[in-house]
Amino acid sequence: MFGSATSSLLAEIAMADVDEALLAHGVKFKRYNDDFRIFARSQSEAYRHLALLAELLFTNHGLSLQQSKTRIVPVDRFLGTYLDSPQHREMNVALGVALFP
């Protein structure tokens, strides 16, 4: 129980610089620990934001995005795939996702 809370606190502290940089670039996002969801108006904007995130993570922390867990999806697919149950809806609203119309 304490390990989970401690891990969450450490993730919040460690990622604060990435959060600040994304906000400074006008990126709309939600993060839970080390899971980011980025909101975008277009697919090209989503790719630009994703590239910025990848650069920040690598430069600041030596981290890279996991290709198998990284995706850009349109709003309708997000709604149908990720918001298929009340539990998923609540979790994903808290996390967000890279979306484009």
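Attention in this report is confined to the structure presented alongside it. (Residues numbered from 1 in each chain as written. Predicted model: local features only at pLDDT ≥ 70, side-chain atom pairs only at ≥ 80, totals over all residues. Heavy atoms only, no water.)

Observations regarding the nonpolar core
Phase 1: In this structure, M15, V18, A21, L22, V27, F29, F36, I38, L52, L53, L56 and L57 together form the largest nonpolar core, which totals twelve residues.
Phase 2: Counting residues per element, the ones that place at least two in this core are α2 (16–24), β2 (35–39) and α3 (43–61).
Phase 3: Counting residues per element, this core draws most heavily on α3, which supplies four residues.
Phase 4: Sequence-distant contacts of V27, defined by excluding residues within four places in its chain, comprise L22, I38, H49 and L52. (Core = buried A, V, L, I, M, F, W, Y, C linked by side-chain atoms within 4.5 Å. Buried < 20%, exposed > 50% of the residue type's maximum accessible area, 1.4 Å probe, protein only. Helix = DSSP H or I, 4+ residues; strand = E, 2+ residues; numbered from the N terminus. Contact = heavy atoms within 4.5 Å.)

A short note on the pairing of strand β1 (residues 28–32)
Phase 1: Going residue by residue along β1, you find F29 and R31 tucked away on one face and K28, K30 and Y32 left uncovered on the opposite face.
Phase 2: Bridging between β1 and β2 involves five bridges; their strand directions are antiparallel. Considered in β2, the bridge of Y32 is made with D35.
Phase 3: Hairpin remark: β1 followed by β2, antiparallel, with two residues in the connecting loop; positive phi at N33, about 55 degrees. (Pairing = 2+ DSSP bridges.)

Looking at the side chain of E45
Phase 1: Summarising the element assignment, E45 is placed in helix α3.
Phase 2: Buried and unpaired, E45 has R48 as its nearest opposite-charge partner, separated by 4.4 Å.
Phase 3: The contacts of E45, once residues within four sequence positions are left out, are F39 and A40. (Lys, Arg positive; Asp, Glu negative; His and termini not counted. Salt bridge = Lys/Arg side-chain N within 4 Å of Asp/Glu carboxyl O.)

With respect to α3
Phase 1: Look at α3: 26 Å from first C-alpha to last across 19 residues, which is about the 27 Å you get at 1.5 Å a residue.
Phase 2: Buried within α3 are the following residues: E45, A46, H49, L50, L52, L53, L56 and L57. Summarising the axial view, the buried residues of α3 lie within an arc of 160 degrees, below the 170-degree limit, and thus occupy one face. Across α3 from its buried face, at more than 90 degrees, point the exposed residues R48, E55, F58 and T59.
Phase 3: Buried residues in α3 make contact with α2 and β2. (Expected span 1.5 Å × (residues − 1). Arc of directions from axis to C-beta.)

Worth remembering: the numbers are spatial, not functional.
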